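This is what each chain is made of:
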Amino acid sequence: MHQQNDDIEQLTDAIVQYSVYRVRLDPPLDHARTAAELKASAGDTITPAGIGGLEALRLFRDVLAPATISVDHTKFLSFVPAAPTEAAILFDLVVGASSIYAGSWMEGAGAVFAENEALRWLSDLAGLPARAGGVFVSGGTNGNLSALIAARYRWRQMSAGRNDRVRGLVVASAGAHSSIVSATRAMDSDLLTIPADARGRLSGDALCAGLADLADQDRDRIVAIVATSGTTNAGVIDDLDGVGRVANDMGVWYHVDGAYGAGAMCSPSQRGKFAGIERCDSFIVDPHKWLFAPYDCCALVYRDPGIARAAHTQHAEYLDVLHTEPNDEVDWNPSDYAHHLTRRARGLPFWFSLATYGTDRYGESIDITMQLTAAVVNLIRQASHVELLMEPDLSVVLFRRLGWSPADYYAWSERELLAGHAFVVPTSWRGETVLRFCFVNPLTTAAEVADILESLS
Ligand SMILES: *Cc1c(COP(=O)(O)O)cnc(C)c1O
């Protein structure tokens, strides 16, 4: 559709200029406004005649964007921040401009090929065999669900009909992400939570002990065992080798949720922490977390993609042309590997950035984050008003402010956000309200974090 109100050249310039400006900007932190405030400032934006692209862009720049927190701000240290590279962000514009359907090889071969190159890099880092492969999905939540659906498919296949009407059982630890709970709910399956150790780490021994209590018929219901590398709240990496050994010995699907942490595999100095991930049947990692890609980008990789294909492929009259292989060669249709059909080539910005900078830069950027984490741990150790809760495995730092009530934490956090200083929200650890930094941005400096710690005194 060609909009009528502006000269398209002028609009193009304005959009490209704004995008480049935003990519280069030292972004303001910003914060939410109420819907009433936004309505008052923005007015009616959807009108019969249209307000014109330049005006809509102005509204976005002046009203809407300032009501969104910049996740790439160097002092955004809540949840899991994002730090997309310039190359990745700029290429996102290209993906948007290119009108690619990336669900099938027939339509998106070139894009799918490049996405698969990026998946291959991740798969090789994890030590999976050459036949491994998968797809980029919107986020870890879809990645985990899709992997567990494939796991359930195989479990039912193996039982030759016996389990067709039996509820599946997914085994995970207390440190597993909420999306695992959400997946089991969506799948109408049960979740067995195995207690982790004091740091929140699941070990192979704890898993064995937890499974020993299971009745035989429950043991037969196990669809998958899930390990996390690392946990979102504490950044703790489960005993991937020990847990994987147990799953492999039982012949149970082993899924590793590395949404936040597994990006660190690309640093030779960190790869050892992931020993045992090569035992997995599937894993996920979110390049939109610690691999410098823009939202929404989760890599989902299967050891044996054929199982995922059997579990996920949609069949319909109008789609069957995609599955007619003249020479027995199976086309790589990304739609077949997750719970989705239409998809944008969301892995391309990540691929472009990897191609642009080279993989060494990725490892170096992880190392920079890990050096920052170590520096912050030292700062906390040296200060008398804060106390470290545990030595980090990765780049999540949990600590307490001595003498503070939960209300003190919340008031401080809100004050810092509204002042545009920092975005650090409280979390809880073993029932206590505490603070948590999550570092993924290589541009965050120890001096900036020192300022935040100072503001706590
Ligand atoms: C963030 C996260 C998820 C969920 O990923 P989304 O991309 O937010 O859907 C799942 N697992 C872990 C360990 C995470 O850190």
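Here, residues in each chain are numbered from 1, in the same order as that chain's written sequence. The predicted origin of the model limits local features to residues at a pLDDT of at least 70 and limits the giving and counting of side-chain atom pairs to 80 or more, whereas totals for whole chains, interfaces and linings rest on all residues. Note: side-chain values were computed over all heavy atoms of the structure, leaving out hydrogens and water.

1. Some details on the overall build of the chain
Working definition: helices are DSSP H or I runs of at least four residues, strands are E runs of at least two. Numbering for both runs from the N terminus. Along the backbone of the chain there are 16 helices and eleven strands. The globule rule is 2.2 Å times the number of residues to the power 0.38, and the radius of gyration it is compared with is taken over C-alpha atoms. Over its C-alpha atoms the chain spans a radius of gyration of 23 Å, differing by no more than 12% from the 23 Å that the globule rule assigns to 457 residues. Taken over the C-alpha atoms alone, the chain extends approximately 65 × 60 × 45 Å along its principal axes. Residue burial is assigned from relative accessible area. The probe radius is 1.4 Å, only protein chains are included, and a residue is buried under 20% of its type maximum, exposed over 50%, and partly exposed in between. Across the 457 residues that make up the chain, the buried fraction comes to 51%.

2. Digging into the site of the ligand
Neighbouring residues are identified by heavy atoms, a residue being near a molecule or strand if any of them is within 4 Å of it. The environment of the ligand is made up of 15 residues, and the closest members are Gly140, Thr141, Asp257, Asp286 and Lys289. For the purposes of these results, a polar contact is taken to be a pair of N or O atoms within 3.5 Å, where, inside protein, one atom must be able to donate a hydrogen and its partner to accept one; residues adjacent in sequence count only when each atom of the pair is a side-chain atom. The contact in question runs from an oxygen atom of the ligand to an N or O atom on the backbone of Gly140, over 2.7 Å. The side chain of Asp257 places a nitrogen or oxygen atom 2.6 Å from a nitrogen atom of the ligand. Per-residue and other accessible areas were derived by the Shrake-Rupley procedure at a 1.4 Å probe size, with only the shown protein chains allowed to occlude residues. Out of a free accessible area of 380 Å², the ligand has 85% covered by protein chains. Of the residues forming the shell around the ligand, the biggest block, three residues, is contributed by helix α6 (residues 140-158). Residue classes follow a fixed rule: Ala, Val, Leu, Ile, Met, Phe, Trp, Tyr, Cys and Pro count as nonpolar, while Asp, Glu, Lys and Arg count as charged, and any other residue, Gly among them, counts as polar. Looking at the shell around the ligand residue by residue, the classes come out as two nonpolar, ten polar and three charged.

3. Some details on the sheet that holds strand β4 (residues 222-228)
Across the sheet, which stays open at both edges, the seven strands sit in the order β1-β7-β6-β5-β4-β2-β3 with mixed pairing between neighbours. Of all the strands in the sheet, just β1 (133-137) and β3 (190-194) have a single pairing partner and so form its edges. For this sheet, the mean inter-axis angle between neighbouring strands, taken without regard to orientation, is 20°. Between any two strands, pairing holds if DSSP finds at least two bridges. Inspection of the sheet shows β1 paired to strand β7 (residues 298-302) by five bridges, in the antiparallel sense. Bridged to Phe136 within β7 is Ala299. Along the sheet face, helix α7 (residues 178-186) touches β2 (169-173), β3 and β4 and points at about 150° away from the line of β3. To get an axis, fit a line to the C-alpha atoms, keeping to the stretch in contact for a helix; angles then go from 0 to 180 degrees between the N-to-C directions. The criterion used for residue contact is that any of the two residues' heavy atoms lie within 4.5 Å.

4. Topic: the domain arrangement of the chain
According to the domain assignment, the chain contains domain 1 (94-357) and domain 2 (359-455). Domain 1 and domain 2 are separated by 30 Å when their C-alpha centres are compared. The partner domain 2 presents 26 residues to the 29 residues of domain 1 that form the contact. Accessible surface is computed with a 1.4 Å probe, and the buried area is the amount of it that two parts give up when combined, taken over both parts together. Counting each side, the surface lost to burial between domain 1 and domain 2 is near 2,300 Å², with a carbon and sulfur contribution of 60%. Each salt bridge in this description consists of a side-chain nitrogen of Lys or Arg and a carboxyl oxygen of Asp or Glu lying within 4 Å of one another. Run the count over domain 1 and domain 2 and you get one salt bridge. Close ionic contact of Asp393 with Arg199 constitutes a salt bridge, the shortest N to O distance being 3.3 Å. Residue ranges for the domains trace back to a domain assignment, done automatically or taken from a database.

5. A short note on a nonpolar patch on the surface
Within this analysis, patches are made of residues with over 30% relative accessible area and no salt bridge. Like charges are joined at 9 Å or less; nonpolar side chains (Val, Leu, Ile, Met, Phe, Trp, Tyr) at 5 Å or less. A cluster of nonpolar side chains, Ile15, Val16, Val20, Leu90 and Leu93, forms an exposed patch at the surface whose accessible area comes to about 360 Å². For the nonpolar patch, the secondary structure elements donating two or more residues are α1 (8-24) and α4 (86-97). Tallying contributions element by element places α1 first for the nonpolar patch, with three residues. Tracing the backbone through its elements, the reader meets Leu93 in helix α4.

6. A short note on unusual backbone geometry
A negative phi angle characterises most non-glycine residues, just as the trans form characterises most peptide bonds. Along the chain, Ser229 connects to Gly230 via a cis peptide bond; the corresponding omega equals -5°. Relative to the assigned elements, Gly230 resides in the loop between β4 and α10 (240-250). A positive phi is found at Ser99, a non-glycine position, where the angle reads about 50°. Residue Ser99 is classed as exposed on the basis of its relative accessible area, which comes to 70%. Non-glycine residue Phe292 carries a positive phi angle of around 65°. Mapping Phe292 onto the fold places it in the loop between α11 (287-290) and β7.

7. Looking at the sheet that holds strand β11 (residues 432-438)
Spatially, four strands are ordered β8-β9-β11-β10 in an open sheet, and the strand pairing comes out antiparallel. Two strands lie at the open edges of the sheet, namely β8 (386-388) and β10 (426-429), each paired on one side alone. Across the sheet, the mean angle from the axis of one strand to that of its neighbour is 45°, orientation sign disregarded. Here β10 runs beside β11; their pairing, made up of four bridges, is antiparallel. Across the sheet, residue Pro426 finds its bridge partner in β11, namely Leu435. Along the sheet, helix α14 (residues 359-382) makes contact with β8, β9 (396-401) and β11, crossing β8 at roughly 130°.

8. Quick notes on helix α15 (residues 406-418)
Here α15 spans 19 Å end to end across 13 residues, near enough to the 18 Å set by a 1.5 Å rise per residue. Taken together, the buried positions of α15 are occupied by Tyr409, Trp412, Ser413, Glu416 and Leu417. Mapping the buried residues of α15 onto a view down its axis gives an arc of 130°, with all of them on the same face. Turned more than 90 degrees off the buried face of α15, the exposed positions are Ala407 and Arg415. Tucked into the core, α15 has its buried residues touching β9, β10, β11 and α16 (446-455). After α15 finishes, the residue Gly420 shows a positive phi value of roughly 75°. By definition here, a helix of n residues has an expected span of 1.5 Å times n minus one. The arc in question is the one traced by the directions running from the helix axis out to the C-beta atoms.

9. What about the nonpolar core?
By size, the foremost hydrophobic cluster in this structure holds 54 residues, and its most contacted members are Ile225, Phe274, Phe283, Trp290 and Phe350. Here this core gets five residues from one element, more than from any other, and that element is helix α5 (residues 105-126). Ignoring sequence-local partners within four residues, the contact set of Phe350 consists of Ala118, Trp121, Leu122, Phe136, Pro287, Leu291, Ala293, Cys297 and Tyr362. By nonpolar core we mean a set of buried residues, namely Ala, Val, Leu, Ile, Met, Phe, Trp, Tyr and Cys, connected to one another through side-chain atoms within 4.5 Å. Of all hydrophobic cores here, the second largest spans 30 residues; its members include Leu148, Ala151, Met187 and Val226.

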